Amino acid sequence: MSDLLQSTLEHLKALVSFDTRNPPRAITTGGIFDYLRAQLPGFDITVTDHGAGAVGLHAVRGRPRLLFNVHLDTVPDSPAWTASPHELRLTADRAIGLGACDIKGAAAALLAVANASGGDMALLFTTDEEANDPRCIAGFLRAFPPLPPGEGRSEGTGEAERGGVAEPSPQPLSQGERGYEAVIVAEPTKGEAVLAHRGIQSVLMRFAGHAGHASGEQKPSDSALHQAVRWGDAALDFVAAQSHERFGGLTGLRFNIGRIEGGIKANMIAPSAEVRFGMRPLPTMHPDGLLERFRTLAEPAPAHFEETFRGPSLPAGDTATAEARRLAARDLADELDIPVGNAVDFWTEASLFSAAGYIAFVYGPGDIAQAHTADEWVALDQLQHYAETIHYIIDKS
């Protein structure tokens, strides 16, 4: 076992031992953040509490051009775990523990590299990725907007380097001057750079009817549940009609009716019904247009229609902008010798950085198939390869 992998596993054991389940969104600036502070000597560290368990730690050493982002919160464990989810277990080829795959394994590797290399490095640890309430990234982007295209970072002024030599300044970099050229977001991608993924939208709808005896003839608007069922039928037909749409290897619109609730009993007309659905559009699909289409699919329209969460696609932007950002991310992955993988269906916070104007892609150890499962695990060889790659990037930059 290499020294870098051994160090990664020691950090992973510690990180897994901290309870960062989300919900219940009970994470504070102590605990795991005390551990992170102690493991990052020589870094300029800022910890920000955004409320509701959303805590971000931004650590900078030197003048890095890349930012590595990783979330520390996990989903809750299930009764199907065969041992304590907060005690790391090792086998010949894997590390098992809550968050080991998604995505504390990458966090541990970043800590190992930070101590094994003295190169310039920037890290952003967050704790609200699993909450569908991305306060940490939003707060970071307000403080650190992306650099204008083509500009590097000079010390103290935030201006582009001239003639390849940074102009010195006795003043430290301010928050507004510490932009980055690109962001690499850690999620389980099996050691490949993911340049594109779907967006995500969640919606709450309510239908209103009129209570009554079910023996009589009904108008279309009488039963709220009948309205919901007719809407669902129209929604499934609409989604099927999008199967020809394509972007970067992804096809169609992913859609799921996750919950329908309402009514009282079989012989009573339902006065109310609630529907919750989610969709995952392609980067080329327009979120607002999709919302309006779903809202007006059937008559009568829902009495209440509310988008409860939206995450943009990766890359973000209209068709031309998205493609330009995808190509820029591909060029960066090639420069860093990271193999480029296929687009994926799951959503990541890389899209939030992309929407703000950053070059961004997703890269990390582990397989998404293991994320959110009982006895979650990450392969040791993938942990080692990820750590070695990050070490290489830090040393060459």
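Just so it is clear, the structure is predicted and the values come from calculations on it, not from any experiment.

### Some words on the overall build of the protein chain
Part 1 of the reasoning: The helix and strand tally for the protein chain stands at 9 helices and 17 strands.
Part 2 of the reasoning: Since a compact globule built from 397 residues should have a radius of gyration of about 21 Å, the 24 Å found for the protein chain is in line with a globular shape.
Part 3 of the reasoning: Each of the three principal axes of the protein chain carries a C-alpha extent, and together these read 80 × 50 × 35 Å.
Part 4 of the reasoning: When the 397 residues of the protein chain are sorted by exposure, 50% land in the buried category.
Part 5 of the reasoning: Look at the contacts in the protein chain between residues 6 or more apart in sequence, and 77% of them connect residues 24 or more apart.
Part 6 of the reasoning: Put simply, the protein chain shows about 17000 Å² of open surface, and 50% of that area lies on carbon and sulfur atoms.
Part 7 of the reasoning: Here the protein chain contributes 33 positive and 51 negative side-chain charges, whose respective centroids are spaced 4 Å apart.

### Focus on the packing of aromatic side chains
Part 1 of the reasoning: Going through the model one piece at a time under the given rule, you end up with 14 aromatic pairs.
Part 2 of the reasoning: Geometrically, the ring pair formed by Trp231 and Phe255 is tilted, given 6.4 Å between the ring centres and 50° between the ring planes. Taken as a pair, Trp231 in helix α5 (residues 224-240) and Phe255 in strand β12 (residues 254-262) lie far apart in primary sequence, 24 residues in all.
Part 3 of the reasoning: The class for Trp231 is buried, based on a relative accessible area of 1%.
Part 4 of the reasoning: Between the aromatic rings of Phe255 and Phe277, the centroid separation amounts to 5.5 Å while the plane-to-plane angle is 45°, which identifies the pairing as tilted. Residue Phe255 is found in strand β12, and its partner Phe277 is found in strand β14 (residues 272-280); the two are separated by 22 residues along the sequence.
Part 5 of the reasoning: Accessibility expressed as a relative area gives 18% for Phe255, which makes it buried.
Part 6 of the reasoning: Over the face of the ring belonging to Trp377 we find Arg94, whose NZ or CZ atom lies 3.7 Å from the ring centre.

### Observations concerning α5
Part 1 of the reasoning: Helix length check: α5, at 17 residues, gives a terminal C-alpha distance of 25 Å against a target of 24 Å (1.5 Å per residue), a fit within 8%.
Part 2 of the reasoning: Check the buried side of α5 and you find it contacts β8 (200-208), β12, β14 and α6 (287-295).
Part 3 of the reasoning: Its side-chain oxygen at 3.3 Å from the backbone nitrogen of Leu225, Ser223 defines the N-terminal cap of α5.

### Some remarks on the packing of helix α1 (residues 3-17) against helix α3 (residues 100-116)
Part 1 of the reasoning: Contact pair α1 / α3: the axes reach a minimum separation of 8 Å and the direction vectors enclose 130°. Considered as vectors, α1 and α3 are oriented oblique to each other. Both α1 and α3 take part in a crossing whose hand is right-handed. Judged by residue contacts, Leu4, Ser7, Thr8, His11, Leu12, Leu15 and Val16 of α1 engage Ala100, Lys104, Gly105, Ala107, Ala108, Ala109, Leu111, Ala112, Val113, Asn115 and Ala116 from α3.
Part 2 of the reasoning: For the contact of α1 with α3, the residue count by class is 12 nonpolar, 5 polar and 1 charged.

### Quick look at the sheet that holds strand β2 (residues 55-61)
Part 1 of the reasoning: One open sheet holds the 6 strands; their spatial order is β1-β2-β6-β3-β7-β16, and the pairing between them is mixed. Either end of the sheet is taken by a strand with one partner, and the two such strands are β1 (44-49) and β16 (359-362). In this sheet, adjacent strand axes meet at a mean angle of 15° when their direction is disregarded.
Part 2 of the reasoning: In the sheet, strand β3 (residues 66-71) pairs with strand β6 (residues 121-126) via 4 bridges, with the strands oriented parallel. Opposite Val70, over in β6, you have Phe125 as the bridge partner.
Part 3 of the reasoning: Its contacts with the sheet place helix α2 (residues 32-39) against β1, β2 and β6, and it is angled at close to 0° to β2.

### Some words on the environment of His86
Part 1 of the reasoning: In this fold, His86 is placed in the loop between β3 and β4 (89-90).
Part 2 of the reasoning: Taking the relative accessible area as the measure of exposure, His86 reaches 19% and is therefore buried.
Part 3 of the reasoning: Placed 40 residues apart in sequence, His86 and Thr126 show a C-alpha to C-alpha distance of 19 Å.
Part 4 of the reasoning: In this view, His86 contacts Val16, Ser17, Phe18, Asp19, Arg21 and Leu98; residues no more than four positions away in its chain are not counted.

### Some words on the sheet that holds strand β17 (residues 377-379)
Part 1 of the reasoning: Read from one edge of the open sheet, 3 strands run β4-β5-β17, paired in antiparallel fashion. Strands at the two margins of the open sheet, each flanked by one partner only, are β4 and β17.
Part 2 of the reasoning: Sitting on the sheet, helix α9 (residues 380-396) is in contact with β4, β5 (94-96) and β17, with an inclination near 65° to β17.

### Quick notes on the nonpolar core
Part 1 of the reasoning: Core analysis: the largest hydrophobic core is formed by 58 residues, its most contacted members being Leu12, Leu40, Met121, Leu123, Phe125, Phe361 and Ile390.
Part 2 of the reasoning: Ranked by residue count, the leading element in this core is α3, at 12 residues.
Part 3 of the reasoning: Phe238, Phe255, Leu291 and Ala343 belong to the second largest nonpolar core, which has 27 residues in total.

Rules used throughout
- Residues numbered from 1 in each chain as written.
- Predicted model: local features only at pLDDT ≥ 70, side-chain atom pairs only at ≥ 80, totals over all residues.
- Heavy atoms only, no water.
- Helix = DSSP H or I, 4+ residues; strand = E, 2+ residues; numbered from the N terminus.
- Rg over C-alpha atoms; globule rule 2.2 N^0.38 Å.
- Buried < 20%, exposed > 50% of the residue type's maximum accessible area, 1.4 Å probe, protein only.
- Contact = heavy atoms within 4.5 Å.
- Areas by Shrake-Rupley, 256 points an atom, 1.4 Å probe, with all protein chains shown as cover.
- Lys, Arg positive; Asp, Glu negative; His and termini not counted.
- Charge placed at Lys NZ, Arg CZ, Asp CG, Glu CD.
- Phe/Tyr/Trp six-rings, centres within 6.5 Å; stacked < 30°, edge-to-face > 60°.
- Lys NZ or Arg CZ within 6 Å of the ring centre and 35° of its normal.
- Expected span 1.5 Å × (residues − 1).
- Polar contact = N/O pair within 3.5 Å; in protein donor to acceptor, adjacent residues only side chain to side chain.
- Axes fitted to C-alpha atoms, helices over the stretch in contact; angles between N-to-C directions.
- Parallel < 35°, antiparallel > 145°, perpendicular 65-115°, else oblique.
- Left-handed = near helix turned anticlockwise from the far one by under 90°.
- Nonpolar A, V, L, I, M, F, W, Y, C, P; charged D, E, K, R; others polar.
- Pairing = 2+ DSSP bridges.
- Core = buried A, V, L, I, M, F, W, Y, C linked by side-chain atoms within 4.5 Å.

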